[in-house]
Amino acid sequence: MTNDPKPSDLNRRQFIIRSTKAGAALAATWAVGYGLYDTVGPSSQAVRQTSVSLADFSVSGQQPRMCVARGADRKKSLAYALKAVGGLESYIKSGDRVLLKVNAAFATPPMLSATTHPILVTELCRRCFQAGAANVIVTDNPINDPTSCFTLTGIAEAARSAGAELIVPRQQSFRPITVPNARLIRDWPLLYEPFRQVNKVIGITPVKDHHRSGASMVMKNWYGLLGGRRNIFHQEVHTIIKELAMMVRPTLVILDGTTTMMRNGPTGGSLSDLKSTNTMIVSTDQVAADAFGATLLGKNLSDLPFIAQAQEAGIGTADYQSLNPQMVDIS
Amino acid sequence: MRIITARRISQIFFLLLFVWFCLVTTLGDRWWQLRGWSVNWLIELDPLVGLGTILTTRTLYKGLVWGLVTISLTLLLGRFFCGWICPFGTIHQFIGYLGKRSRSVAQRLSLNRYHRWQAIKYWILIFLLASASLDLVFDLLYLPQNASRVFAGIIALVLVISLIIVWRQSFRAVISIFVAAGVWMVIGLGGQPPSFFSASLQIGLLDPLPLLYRSINLVVLPIVGGGFREISPALRYYDGIGLIGLIFLLAVFLNLKIPRFYCRFICPLGALLGVLSRYAIWRIGKADDACRDCQLCEQHCDGACAPTSKVRFSECVLCFNCMDSCRHGLIGYRSAPSAAGEITGPDVTKREFTIACLSGLAAIPAMRLNGHLAANWIPTLIRPPGALAEKEFLARCIKCGQCMRICPTNILHPTGLASGIEGLWTPAANFRIGSSGCQLKCIACGNVCPTAAIRPISLDERLGQKRFERHGPIRIGTAFVDRGRCLPWAMDKPCIVCQENCPVSPKAIFTRVSFNTVIDSHMLTIRFAAADQIEFDGTPFQDWRLDTGDYFLAGPDTQDYQRWAIQRHTANRLWIRPNLQQARLPVSENQVAIQIRLQRPFVEPNRCIGCGVCEHECPVRGKRAIRVTAENESRHRDRQLLLQS
């Protein structure tokens, strides 16, 4: 006698094993099927990311201040103007992380004044660090190719030489934002990545003619924070500029009117489009800064409806005189 | 009754059922038209459709749950679907039968021998499923940053397993595990994949049921059905049909060379069912290994699964021909394994699996680097109303052509390579073919779509009524007037067929009147003028037809032009209305001209839904003078053209 199982026993064992496996597979199939069963079908809209919101970056408990410095040297004008509004130290404290929203929209050299001048970028970064900033981030979502823009405008080199961090937007940098009470900026992609890391925001941009809206100054500069197909907002350009100003409550804005692009804005492209206006405006009130900037372009408030609209929305005052701006002459 | 008779009855039944379903996929309320027939049932029974859409969407949509029934029975019985139900399989089997009728037994035996290349269908299956599971792969890959706790749990588990392996002393395995975990962590914490890395559903290219539905609906029925008004009142045309027909013919006629060619070598569904049949409880096999080896049973073996030797059960389509042929009753369908041994799994090596898997994953960026899912989207690709946003749409569409078959106006067509390989044979509207544009009150395509790539919308949603009023109507594109081709714009011809036919209310096409001078004043010298007629020098109107009601005599007034409608004319005389007040006609200056009154069309994009009726009706028959492109379609906000006012 041997203890070997008979073939029929072997078969029975195999049969039981196989049946168990088949049964387990059956159970798994129906469990998965039941778990994923969908009688409704997909919804009409693609899945969206969760919205973000922006903090108020203005320094609380301060009267709105503004200074207009007259002079041809950007560095000097900036120094005097900052001093006149209480010094950068009253805005940037030790350990602050600062975002500089430059205008790097076009891949053009600084000479053409279509973008924020690199000397200003270096100087402002340096002063932020001097005031104790832990980190300074420079960013924009330009119209032309981003890398070319940051390189050709000299802004990349300016930021690097001052020790600031340059954020070139990528697809992942954007998150949807809905601005309260806004009609256009609803669930719209915002260049959010740099905002994650900062607690102060400074807008810094040149004074330019703009063919659609009349002028590209401080408020229009926030356009570069939007992503997506943002140019459809040109259908209501004044509303979008107002809403951009509603979206960003900056610590400080700097409007560079040392050279003003008088025509063919916002790209310009010729030195003949430019005019020396030797003015540097520093303000905590973006509406007032733009209202003053308009005078450099020889325009008044009726030419630039977004200024009045922004004032109406309670963002600031179009009557910059009411801020008693300090006028400094440094020539 | 012999079991193969039962099988044949079943096959014929399902083939006829399939043909019936194709025929009744016709819009209408007669009993033989689409009025509740579950025409998608055979697609729904196809578990590859269910599995594919589960991988891409993580849902099992409505009727696709039938796939579970097929899977369950396959787990118990083997590939019964291939041999007993699949209508494509039935066609193959029949043509294969015709092909081998005149062959000798030896030839038949060699035709039905198992071939190593039967593994190709598994490669295809792995390839297709891999590209459908990319989202899952990335979810796993980015687990460290998205669900760090789960990841930590897995790492802990890995540690425990490693300890066990170390205890069993296999250090190499431990090292590989640690390297894999390390790579996972580095990649998983390192960043995000580019947006084109999302799953792509391509099973429809070769899945037999979508393939058959597509071929019969779009190729065979328009040819055969052309003669029967009941099937379709007008001839049906399908653009880009050549490749579909070619593949269908090839698949069918290759059976003459090798029976069930498609099933054995290509069919990814057969491969899936083959894998699932691994633990089947009943299977084909020999009761006793000591048979006479006459091999007669293999001469009709449809699956080429070698029932006389070690049977490859994953290849067996349960045709039961072997059982029927064996004169000694040695072959049976039993719970005991074959006495000659059996091979249960598919003949795919690890290396082949890896290559097929990786190529399936790599195919996605290869297809998507064309940017069709990004900025380079194709404006001429008009998806039907209710179609999901392009990425989500492609994650569901199985290219079965049901929407194109049901479309009452015949405007839906299988896209050729215009939208890249990924969009091959997906539905898009062509407003030049067919009997009209996309009908305003029609929602047929979404309600027939088996996978909800086109959502089953209601009329209210389509038209933006009632609870959908806030969203407005579903737009599939916007019409643009091509002013260089439009008759009133470019050629001084009255037309506005587009405006008249615009079905939207209020109309999305409006007109502005303009008068264009067709005969200049320096060509016209007045000879005399009476109250209702004027005669000119020479024969200025000889080549003209000015009595159409659209032409006017115009003379400068103090403010503007004064115009008189031309009633009739000869070569040099006009009859006009209203009658002339002598004082107002500048006879002396001779400054009169002939003008035509034109209504020029404009599109109001806030109202246009892109239905294409205007494009369909436009009398410029070649490249239409008003054309719809996908601008402003509602399914994705990237397509938004206008700010909502």
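Residues numbered from 1 in each chain as written. Chains lettered and ligands numbered in written order. Predicted model: local features only at pLDDT ≥ 70, side-chain atom pairs only at ≥ 80, totals over all residues. Heavy atoms only, no water.

## Side note on the overall build of chain A
To keep it simple, the criterion reads: Here a strand is any run of E in DSSP of at least two residues, a helix any run of H or I of at least four, and the numbering for each starts at the N terminus. We take the radius of gyration over the C-alpha atoms and set the globule estimate at 2.2 Å times the residue count to the 0.38 power. Note on classification: 1.4 Å probe, protein chains only; a residue is buried when its accessible area is under 20% of the maximum for its type, exposed when over 50%, partly exposed between these limits. Residue contacts follow a heavy-atom distance rule, with two residues in contact if any of their heavy atoms lie within 4.5 Å.
For chain A, the helix and strand inventory stands at nine helices and twelve strands. On C-alpha atoms alone, chain A measures out to a radius of gyration of 28 Å, which is more than a quarter above the 20 Å that the 2.2 N^0.38 rule sets for 331 residues. Along the longest, intermediate and shortest principal axes, the C-alpha atoms of chain A span 120 × 45 × 40 Å. Taken across its 331 residues, chain A has 54% of its residues classed as buried. A separation threshold of at least 6 residues defines the contact pool for chain A, and within that pool the share at least 24 residues apart is 75%.

## Comments concerning helix H9 (residues 305–312) of chain A
Residue and element names in this part refer to chain A. So the rule is basically this: The reported arc concerns the directions from the helix axis to the C-beta atoms and nothing else.
Every buried residue of H9 is listed here: Phe306, Ile307 and Ala310. An end-on view of H9 places all buried positions within 105° of arc, on one side of the element. Contacts from the buried residues of H9 go to strand S9 (214–216), helix H6 (218–221), helix H7 (237–247) and helix H8 (286–296). At the exit of H9 stands Gly314, carrying a positive phi of roughly 80°.

## A word on the environment of Leu143(B)
Residues and elements named next belong to chain B. Here Leu143 is to be found in helix H10 (residues 143–146). For Leu143, a relative accessible area of 13% corresponds to the buried category. Distance in space between the C-alpha atoms of Leu143 and Gly188 is 6.3 Å, their sequence separation being 45 residues. Ignoring sequence-local partners within four residues, the contact set of Leu143 consists of Ser148, Val150, Phe151, Ile154 and Trp184.

## A short note on the pattern of salt bridges
Cut-off, in case you're wondering: Salt bridges are defined as contacts in which a side-chain nitrogen from Lys or Arg sits within 4 Å of a carboxyl oxygen from Asp or Glu.
Scanning the model with the defined rule gives 31 salt bridges over all chains in all. The salt bridge involving Lys200(A) is made with Asp96(A); its shortest N-O contact spans 2.5 Å. Residue Lys200(A) is located in strand S8 (residues 200–210), and its partner Asp96(A) is located in the loop between helix H2 (74–84) and strand S3 (97–102); the two are separated by 104 residues in the primary sequence. For the pair Lys200(A) and Asp96(A), one class covers both residues: buried. Note that Arg312(B) is salt-bridged to Asp347(B), the shortest N-O span being 4.0 Å.

## Re the interface of chain B and chain A
Basically, it comes down to this: Here the quantity called buried area is the accessible surface, traced with a 1.4 Å probe, that two parts lose on coming together, added over both.
Each partner contributes to the interface: chain B provides 41 residues, whereas chain A provides 36 residues. Each partner contributes to the roughly 3200 Å² buried at the junction of chain B and chain A, and carbon and sulfur atoms together form 61% of this total. When the area that chain B buries against chain A is broken down by residue, the three leading residues are Tyr279(B), Arg637(B) and Leu643(B), summing to 23%. On inspection of chain B and its partner chain A, the count reaches two salt bridges.

## Topic: the packing of aromatic side chains
Residues and elements named next belong to chain B. Our working definition: Between rings of Phe, Tyr and Trp, where Trp is taken as its six-membered ring, a pair exists when centres lie within 6.5 Å; planes separated by under 30 degrees are stacked, by over 60 edge-to-face, and by other angles tilted.
This model, assessed by the stated rule, comprises 22 aromatic pairs over all chains. An angle of 10° between the planes, with centres 5.4 Å apart, marks the rings of Phe510 and Phe602 as stacked. Linking Phe510 in strand S9 (residues 509–519) with Phe602 in strand S15 (residues 593–603), this pair joins segments that are 92 residues apart in sequence. On the basis of relative accessible area, Phe510 is assigned to the partly exposed category, the value being 27%. Members of the aromatic cluster, joined through ring pairs, are Phe13, Phe14, Trp41 and Trp66.

## Regarding the nonpolar core
Worth spelling out the cut-off: Only buried residues count toward a nonpolar core, which is a set of Ala, Val, Leu, Ile, Met, Phe, Trp, Tyr and Cys residues joined through side-chain atoms within 4.5 Å.
Among the nonpolar cores identified, the biggest contains 82 residues, and Leu42(B), Phe81(B), Phe88(B) and Leu318(B) are the most heavily contacted of them. In terms of residue count, the dominant contributor to this core is helix H1 (residues 3–24) of chain B (eight residues). Here Phe81(B) is in contact with Leu45(B), Thr70(B), Cys86(B), Leu209(B), Leu269(B) and Leu273(B), once residues within four sequence places are set aside. With 58 residues, the next largest nonpolar core counts Leu54(A), Ile137(A), Ile167(A) and Val198(A) among its residues.

## Remarks on the pairing of strand S2 (residues 66–70) of chain A
Residues and elements named next belong to chain A. Stated precisely, the cut-off is as follows: Strands were regarded as paired on the criterion that DSSP finds at least two bridges between them.
S2 sits mainly inside the fold: four of its five residues count as buried. By the bridge criterion, five bridges tie S2 to strand S11 (residues 274–283) in an arrangement that is antiparallel. Bridging from a neighbouring strand, Ala69 pairs with Met280 of S11.

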